[in-house]
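# Architecture at a glance
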Amino acid sequence: KGSSGAWLATELSRIGRRVAVYDAERRPREWSRRVSGLGGERTAITYFDPSDLGANYAGVPIWEAIERIAYVIRETASDVLIIDSVFTCLNLDERRLLADPSVPFAYEGALSRLGIPVLSFAHPPKGQPEGEPFGSFAWVAAHRLTWLGVRLPGDAHQLRWRVRKANERGHVPGILLRFEYGDDSRLVSAIREDDDESTRDWILEALRDGPKTVADLVALEFEELGDYPGTEATERAKARLGKAVYRMKREGSVSPAGKEGRAQKWVLPPRVRP
């Protein structure tokens, strides 16, 4: 989560967003090292931890300190907040965290008062990498968009992020992040790629309603997302979905039908139909 958070903060800064990081785990050197390693400008990211909120807010749940956090947001003109992590900023007994379903809704309600997008990092239960946060579905239900991050097996540091729940949104492509390190074990780069697995599943589901061209798939994706893309975004989506379709053709999970070229339609072969 730390590497993903540093990558997101760096990328958001590059497109002109002012990011604030509330590090309840109090690991300033880790954040600084990762952001710098990824080529980010540390002065462009506001970093603060509980000690910066004042003695009156030490050890209280985040919703009791939300006005102070809002003050930091206003003073730094931040328009995105990253919280690392949920468990630490709650300052609650673990038994209440697991047993009280009102906690995630109190958490989300407090953050919504900030009026800016907030990204919260949390842990799944130990030994259950794809389990519910803190073992409770209430944490998923309380938020409008949740992602699940899983580290892929092998020596390389690769993470698959895919949407677990989305309110009022359609298909959101998953991503793969591959982190690279220097000889001194310092993070030096992050490579983002489309997650073939989530895109493949979405294409198969879309083709269950009938044949579609790549352009049809692009239009459907943006319709589900409620977006109105420009030419550049449309061309990127065509390239991404077109590559996915041809990979699926090679594996035999889709088949061409009708005319070739841009008018080429794709269908499910009989063996993969419902």
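First things first, this report covers the structure right here in the doc.

Conventions and cut-offs
Residues numbered from 1 in each chain as written. Predicted model: local features only at pLDDT ≥ 70, side-chain atom pairs only at ≥ 80, totals over all residues. Heavy atoms only, no water. Helix = DSSP H or I, 4+ residues; strand = E, 2+ residues; numbered from the N terminus. Salt bridge = Lys/Arg side-chain N within 4 Å of Asp/Glu carboxyl O. Buried < 20%, exposed > 50% of the residue type's maximum accessible area, 1.4 Å probe, protein only. Core = buried A, V, L, I, M, F, W, Y, C linked by side-chain atoms within 4.5 Å. Phe/Tyr/Trp six-rings, centres within 6.5 Å; stacked < 30°, edge-to-face > 60°. Axes fitted to C-alpha atoms, helices over the stretch in contact; angles between N-to-C directions. Parallel < 35°, antiparallel > 145°, perpendicular 65-115°, else oblique. Contact = heavy atoms within 4.5 Å. Nonpolar A, V, L, I, M, F, W, Y, C, P; charged D, E, K, R; others polar.

## Thoughts on the environment of D196
Here D196 lies in helix α8 (residues 196–207). Between the alpha carbons of D196 and L241 there is a distance of 9.7 Å; along the sequence they are 45 residues apart.

## Regarding the pattern of salt bridges
Overall, the coordinates contain 17 salt bridges when judged by the stated rule. Among the ionic pairs, D79 bridges to R17, the shortest N-O distance being 3.2 Å. On the criterion of sequence distance, the pair formed by D79 in the loop between α3 (66–76) and β3 (80–84) and R17 in the loop between α1 (2–14) and β1 (19–23) is long-range, its members being 62 residues apart. The exposure class assigned to D79 is partly exposed, which follows from its relative accessible area of 24%. E67 serves as the salt-bridge partner of R113, at 2.7 Å between the closest nitrogen and oxygen. On the criterion of sequence distance, the pair formed by R113 in the loop between α6 (102–112) and β4 (118–121) and E67 in helix α3 is long-range, its members being 46 residues apart. On the accessibility criterion, R113 (52% relative accessible area) is exposed. Bridged by salt links that share partners, the residues K1, E25, R27 and D84 form one connected network.

## A look at the nonpolar core
Ranked by size, the top nonpolar core spans 28 residues in total, and within it Y22, I62, I69, L81, L90 and Y107 carry the most contacts. Going through the elements one at a time, β1, α3, β3, α4 (86–90) and α6 are the ones with two or more residues in this core. Looking at this core, the element that brings in the most residues is α3, giving five residues.

## Some words on the packing of aromatic side chains
Counted according to the given criterion, the structure contains four aromatic pairs. Ring centres of F121 and W161 lie 6.3 Å apart, and the angle between their planes is 70°; this geometry places the pair in the edge-to-face category. Within this pair, whereas F121 is found in strand β4, its partner W161 is found in strand β6 (residues 157–166), the two being separated by 40 residues in sequence. Among the residues examined, W161 registers a relative accessible area of 16% and is labelled buried. Summarising the aromatic geometry, the rings of Y246 and W266 are spaced 5.2 Å apart at their centres and angled 80° between planes, so their arrangement reads as edge-to-face. Pair noted here: Y246 is in helix α10 (residues 231–251) and W266 is in strand β10 (residues 265–267), with a separation of 20 residues, a long-range link.

## Focus: the packing of α8 against α10
Contact geometry of α8 with α10 gives a least axis separation of 10 Å together with a crossing angle of 80°. Judged by the inter-axis angle, α8 sits roughly perpendicular to α10. Of the residues in α10, those touching α8 at D196, T199, R200, W202, I203 and L204 are R240, L241, A244, V245, R247, M248 and E251. For the contact of α8 with α10, a count of residues per class yields seven nonpolar, one polar and five charged.

Geometric values such as these leave the question of function open.
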